[in-house]
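A look at the structure
Each chain, written out:
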Amino acid sequence: MKITIIGTGYVGLTTAVVLAYLNHTVSAVDKDSTKLTLLQEGKSPIHEPGIQSLLNEVGHTIRFTPTVAEVVPDAELIMIAVGTPPKIDGEADTRHVEQAAREVAQVCLPNIHYTLVIKSTVPIGTNKRVAEVVEDVFAERKIQGNVSIASNPEFLQEGLALQGAFYPDRIVVGANNNNALDALRRLYQPILEQTFDPPTTLPRPPSYHLPSMMTTDPNSAEMIKYAANTFLALKISFINEIAGLCEQVGADVTEVARGIGLDTRIGHRFLRAGLGWGGSCYPKDTAALLRVAAQAGYQMPITEAARTVNFEQRKRIVQKLKTVLKTLNGKTIGILGLAFKPNTDDIREAPALDIIRHLVAEGANIRAHDPIAIPNAKQALSDINVDYIEDVHQLSHNTDALLLVTEWEQYHRLDLRKLAKHMKTPILIDGRNVFSPQEATAAGFHYIGIGR
Ligand code: UDX
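Residues numbered from 1 in each chain as written. Predicted model: local features only at pLDDT ≥ 70, side-chain atom pairs only at ≥ 80, totals over all residues. Heavy atoms only, no water.

**Considering helix H2 (residues 33–40)**
N-capping of H2 is provided by aspartate 32, with a side-chain oxygen placed 3.0 Å from the backbone N of threonine 34. Phi for glycine 42, located one or two positions after H2, is positive at around 85°. (Polar contact = N/O pair within 3.5 Å; in protein donor to acceptor, adjacent residues only side chain to side chain. Helix = DSSP H or I, 4+ residues; strand = E, 2+ residues; numbered from the N terminus.)

**Brief notes about the site of the ligand**
Taken together, 19 residues form the shell around the ligand, and within it Phe155, Gln157, Glu158, Tyr282 and Lys341 come nearest. In the environment of the ligand, an oxygen atom lies 2.8 Å from a nitrogen or oxygen atom belonging to the backbone of arginine 272. One of the backbone nitrogen or oxygen atoms of glycine 278 is found 3.2 Å away from an oxygen atom of the ligand. Starting from 670 Å² of accessible surface for the ligand in isolation, the protein chains cover 96%. Ranked by the residues each element gives to the shell around the ligand, the list is headed by helix H9 (residues 218–249), at three residues. Residues that form the shell around the ligand fall into these classes: nine nonpolar, four polar and six charged. Per-domain counts for the shell around the ligand show at least three residues from each of domain 1 (2–214) and domain 2 (310–448). (Near = heavy atom within 4 Å. Areas by Shrake-Rupley, 256 points an atom, 1.4 Å probe, with all protein chains shown as cover. Nonpolar A, V, L, I, M, F, W, Y, C, P; charged D, E, K, R; others polar. Domains from an automatic or database assignment.)

**Description of the packing of aromatic side chains**
Under the counting rule described, the total for this entry stands at seven aromatic pairs. Plain terms: the ring middles of tryptophan 277 and phenylalanine 311 are 5.7 Å apart, the flat faces sit at 70° to each other, and that makes the pair edge-to-face. In this pair, tryptophan 277 sits in the loop between helix H10 (253–261) and helix H11 (282–295) while phenylalanine 311 sits in helix H12 (residues 301–325), placing the two residues 34 residues apart along the sequence. With relative accessibility at 3%, the residue tryptophan 277 sits in the buried group. We classify phenylalanine 311 as partly exposed; its relative accessible area is 24%. (Phe/Tyr/Trp six-rings, centres within 6.5 Å; stacked < 30°, edge-to-face > 60°. Buried < 20%, exposed > 50% of the residue type's maximum accessible area, 1.4 Å probe, protein only.)

**A few points about the layout of surface pockets**
Empty space among the atoms becomes apparent when a probe as large as a water molecule is rolled across them. Space inside the second largest pocket adds up to approximately 310 Å³. What lines the second largest pocket is a set of 18 residues, among which Leu271, Arg272, Ala273, Arg432 and Asn433 lie closest to the centre. At four residues, H10 tops the list of elements feeding residues into the lining of the second largest pocket. Residues that form the lining of the second largest pocket fall into these classes: seven nonpolar, five polar and six charged. (1 Å grid on protein atoms, 1.4 Å probe; cavity = no way out; pocket = protein on both sides within 12 Å on 5 of 7 lines; lining within 4 Å. Points joined across faces, edges and corners; volume = space filled by probe spheres on them.)

See below:
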């Protein structure tokens, strides 16, 4: 199929390379000239495991362009994957989605059928709004256009984006017409039937089952995205709330999570207690859902509480450090991990940023390490003084405490004995419960985890 994707962020670019790999003819539009130049040179503008090697393989088949008019008229299916940043009140701003729809409608040829797919995360009702935008443009152009609109929310997890795209749990499509459903079924057929040869770097997981394509109405599809993210966010906040109580009563939250996770109705995943969620989705999507609710005059106390618990975790950890060090003023704290999760350089809403700001406000000196997110963190924290250090052992020298914020794989293998030896006071606050308390203690650390 001939496909045009508008927006080459995490979602747009991942979708573009995966669809190109599946032998569709793909064009991708972006207005950001820096990004576009990189992509035209075959380089990925994002850090995402596997994306560069896939770009090396199929990037040359994708046409990257800033101009919608070049690649929409002869496309069969057009996907909108532009950002929906939060407004001040948390509402998702759909301006870029509507603008993209307008630009598409301006260059659609009359009497040719197109499927216009909304992949961006959008408030409930956006599908209908986009249909109106498209109809308005056709009326202005005085043409008879033929565009079917579908909502196809994306469940991409950063760090695992390609895995999720080739081997999804499910594909959700919201549409009121069969043309759009047919087009999306053909688009995803190789994934639904798993008929493609997996990329060498991304073998099919042995236990993987064929995914289903769930079809529903557009409003429900839009709601599914928000409800899924909110549910996962509150699952994490729930275990963090339990972790706080575990600390008070002398239980170990990792054991509790193991015990409740064995109940298949609950499941093991997303029960890792720690410093909570950040990133581009949960903070923004829970806020946006609350705005949708407020506009509908509806209360959502569970979602509100999930957010409160999440952001409190960042303050509680600073309090823990303060308790153990008596004061933070003049103390040197080593931060391990800046990205909001491992395998990405994304620092949007990363707990590390808030924690560093709280610590600096208390008078602490900060040394920070991250395998790849330092350049982004430097920008986000340009107004405060942070020493960025590329070697963890060097970072630990003469520090008063280490605080692990992101569970990068390489931190699991740190030589704790060596680290503890060079610190002023060997205090290890393990914000993601990465280390065994026994091993850390044996290595000479005063170990403090979350909920254990
Ligand atoms: C999430 C959803 O998983 C994805 O489906 C959606 O499309 C976008 O939002 P992402 O933000 O990339 O994806 O990351 P995810 O792996 O879900 O983790 C989000 C945050 O939760 C991270 O900060 C992570 O550290 C934290 N987390 C996750 C926990 O604290 N505990 C857990 O058990 C799991």
